[in-house]
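# A look at the structure
For reference, the chains in residue letters:
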Amino acid sequence: MLTMAVKSCSGFLKVFVLFLVAFQGAACLTLTLENDVHQVLPGADITIICHVKNVRFTTIRNIQWVKKVFEQTTKHTISIYTAIQAPFRATERYLVRPANATESGEFRSVDLILQIRNVQVEDLGHIGCTADDQEIYGDLIVYAPVNSIKLSKQVTGQLTQLTDGDVVNFLPSDGLVCEVKYQDPQTVISVMKGSENITSSFNPEYNSPVKTETGGLVTMSFGTTLKLRFLRASADDNGKRLQCTASVPMYPPRSVTITMVITGRPSTLNCINPAYASIGQSTAQLVCHIISSPALSSVVWSWSAEGNMMVSVSGNQTQGEYAASYQSRNFNFSITLTIHGVKAEHFREYILRVGNGHGIRDFTVQLQQAPTATSAAVTLPSGKTATTPGSISGTASVHGWLLTACMAALLAHTF
């Protein structure tokens, strides 16, 4: 922790320690700023504490948190808010509160606490507190190695921005554009289609660096745009993930990821297989996530019952203890078969058949009985026994309690 203190009983003094501190004090007024240099990434929360000692009651309302900003060559001091006066509030992200106030005669000492939530790049600058004619400032440095990343689909020259997590329909003639703005020149941009790195297929365009000076701090911003005129999506790409990622050494990567949908037969994103349930359980569910363009026209669950008779339930339909349902969002279908009152006869193989105008696909899901826990008996020193959690049935290992000599002694004392 770095701490900077300013104290003056008379005269005028200037001190330079990491930043300029200018003040003119009276009556031994002292300002101390903790954590005078903050270097954070966007989105962080920070706390700055200013200790104000020996301030007169008559000037207590003149204590303020302030921020210095620079516009061209002229320096301006802008008051963010008054810290002592109620309601101690400026914005949803800037919170101010006094704490640990003490009194001594006509003087008062108080700790001012400034909290900035979800720090943004525009917050950077020289932030400090003032009392009477004294000032003390610290630096807030907001380092954003990657400012933004934007992924867009290009159709006949028109761009449509995509949102992380979208399910997007692609034609072979559609293109893709990834635009990244960043501050660190070491930033590496890549595009993945499934497990395939397709970055080399894109044409890169580099923007001229932009110099920005805010709060006296100078930053350089860069921009790179990767363009691919024709993605040439095929049926094999159905369900694959497209991801544009910007990576900087020592920092978490930032990315935008979408799922591709290709016009054709339905494809599975994921089926939870096998699914587990226990006899007597109130409900069991079989779940599959399917993507389809065009939309599904048929959804049927089927299975073999006694005597090899095929039983089926389709769409949003209930038949006895079976209930089929599905929900859709864009081209993503979440399909569920719910079984009420689980019995031994329910443990079997189920087939999900889905279809659209381009064809039919079958997917298999098994419902299996959940493993049961066994128990192991431990003989206590007094002759009593205690049952301890044991292994999972069907496995070779035993995950039980290890009864050490100390535990045995403790149990003997307890019993």
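Basis of the calculations
Residues numbered from 1 in each chain as written. Predicted model: local features only at pLDDT ≥ 70, side-chain atom pairs only at ≥ 80, totals over all residues. Heavy atoms only, no water. Pairing = 2+ DSSP bridges. Helix = DSSP H or I, 4+ residues; strand = E, 2+ residues; numbered from the N terminus. Axes fitted to C-alpha atoms, helices over the stretch in contact; angles between N-to-C directions. Phe/Tyr/Trp six-rings, centres within 6.5 Å; stacked < 30°, edge-to-face > 60°. Buried < 20%, exposed > 50% of the residue type's maximum accessible area, 1.4 Å probe, protein only. Lys NZ or Arg CZ within 6 Å of the ring centre and 35° of its normal. Contact = heavy atoms within 4.5 Å. pLDDT = per-residue confidence, 0-100. Salt bridge = Lys/Arg side-chain N within 4 Å of Asp/Glu carboxyl O. 1 Å grid on protein atoms, 1.4 Å probe; cavity = no way out; pocket = protein on both sides within 12 Å on 5 of 7 lines; lining within 4 Å. Points joined across faces, edges and corners; volume = space filled by probe spheres on them. Nonpolar A, V, L, I, M, F, W, Y, C, P; charged D, E, K, R; others polar.

### So, the pairing of strand E6 (residues 46-56)
- Pairing analysis gives four bridges linking strand E4 (residues 29-34) to E6, with the strands arranged antiparallel. Pairing of Thr 30 across the sheet is with Lys 53, part of E6.
- Here E6 runs beside strand E10 (residues 107-116); their pairing, made up of nine bridges, is antiparallel. Its bridge partner being in E10, Thr 47 is matched across the sheet by Gln 115.

### Here we look at the sheet that holds strand E25 (residues 283-291)
- Here five strands make up an open sheet; going across it, the order is E23-E25-E30-E29-E28 and the pairing antiparallel. Edge positions in the sheet fall to strand E23 (267-271) and strand E28 (317-319), since each of these pairs with one other strand and no more. Here the average twist between neighbouring strands, direction ignored, is 20°.
- Two strands pair when backbone bridges link them, and E23 and E25 are joined in this way by four bridges, in the antiparallel orientation. What sits directly across from Thr 268, in E25, is Ile 290.

### A word on the packing of aromatic side chains
- For the structure shown, the criterion picks out four aromatic pairs.
- Seen in terms of ring centroids, Trp 303 and Tyr 350 are 5.4 Å apart; in terms of plane orientation they differ by 55°. Their pairing is tilted. Within this pair, whereas Trp 303 is found in strand E26 (residues 298-304), its partner Tyr 350 is found in strand E31 (residues 349-356), the two being separated by 47 residues in sequence. Summarising the burial analysis for this pair, Trp 303 and Tyr 350 share the class buried.
- Ring centres of Tyr 326 and Phe 333 lie 6.3 Å apart, and the angle between their planes is 45°; on these two criteria the pair is classed as tilted.
- Look at Tyr 326 and you get partly exposed, because its relative accessible area is 31%.
- In this structure an aromatic cluster arises from ring pairing among Trp 303, Tyr 322 and Tyr 350.
- Across the ring face of Phe 170, the terminal group of Lys 153 is positioned such that the distance to the ring centre comes to 5.3 Å.

### What to know about the side chain of Thr 199
- Relative to the helices and strands, Thr 199 is located in the loop between strand E18 (196-197) and strand E19 (203-214).
- In contact with Thr 199, not counting residues within four places along its chain, are Ile 189, Ser 190, Val 191 and Leu 226.

### Topic: the sheet that holds E26
- Taken in spatial order, the five strands make up an open sheet running E24-E32-E31-E26-E27, and their pairing is mixed. Looking at strand neighbours, the two that pair on one side only are strand E24 (275-277) and strand E27 (310-314), the edges of this open sheet. Along the sheet, successive strands turn relative to each other by an average axial angle of 25°, direction set aside.
- One ladder, built from eight bridges, connects E31 with strand E32 (residues 359-369); its direction is antiparallel.

### Considerations on the confidence of the model for the protein
- With 73% of its residues at a pLDDT of 70 or more, the protein shows a mean pLDDT of 76.
- For the protein, per-element mean pLDDT is lowest for strand E2 (residues 12-17), which scores 32, and highest for strand E17 (residues 188-193), which scores 96.
- The low-confidence segment residues 8-26 (pLDDT under 50) makes 49 contacts with residues lying over four places distant or belonging to another chain.
- Predicted confidence is poor over residues 375-415, with pLDDT under 50, and the contacts of this stretch with residues over four places away or in other chains come to 45 contacts.

### Considerations on the pairing of strand E11 (residues 125-131)
- Most of E11 sits out of view: seven of its seven residues are buried.
- In this structure, E11 lies alongside strand E12 (residues 134-142), joined through seven bridges in antiparallel fashion. Bridging from a neighbouring strand, His 126 pairs with Asp 139 of E12.

### A closer look at the pattern of salt bridges
- Taken as a whole, this structure holds seven salt bridges when the rule is applied.
- Measuring nitrogen to oxygen at the nearest pair gives 3.5 Å for the salt bridge that ties Glu 205 to Lys 227. With Glu 205 in strand E19 and Lys 227 in strand E20 (residues 217-228), this pair connects stretches of sequence that are 22 residues apart.
- Classification of Glu 205 as partly exposed rests on a relative accessible area of 39%.
- Using a relative accessible area of 34% as the deciding quantity, one classes Lys 227 as partly exposed.
- Between Glu 321 and Lys 343 there is a salt bridge, with the nearest N and O atoms lying 3.8 Å from each other. Of the two residues, Glu 321 sits in the loop between E28 and strand E29 (322-329) while Lys 343 sits in the loop between strand E30 (332-340) and E31, which places them 22 residues apart along the sequence.

### Re the layout of surface pockets
- Space inside the largest pocket adds up to approximately 240 Å³.
- Forming the boundary of the largest pocket are 16 residues, of which Pro 42, Ala 144, Pro 145, Val 146 and Arg 254 lie nearest the centre.
- Here the lining of the largest pocket is built from residues that sort into 11 nonpolar, three polar and two charged.

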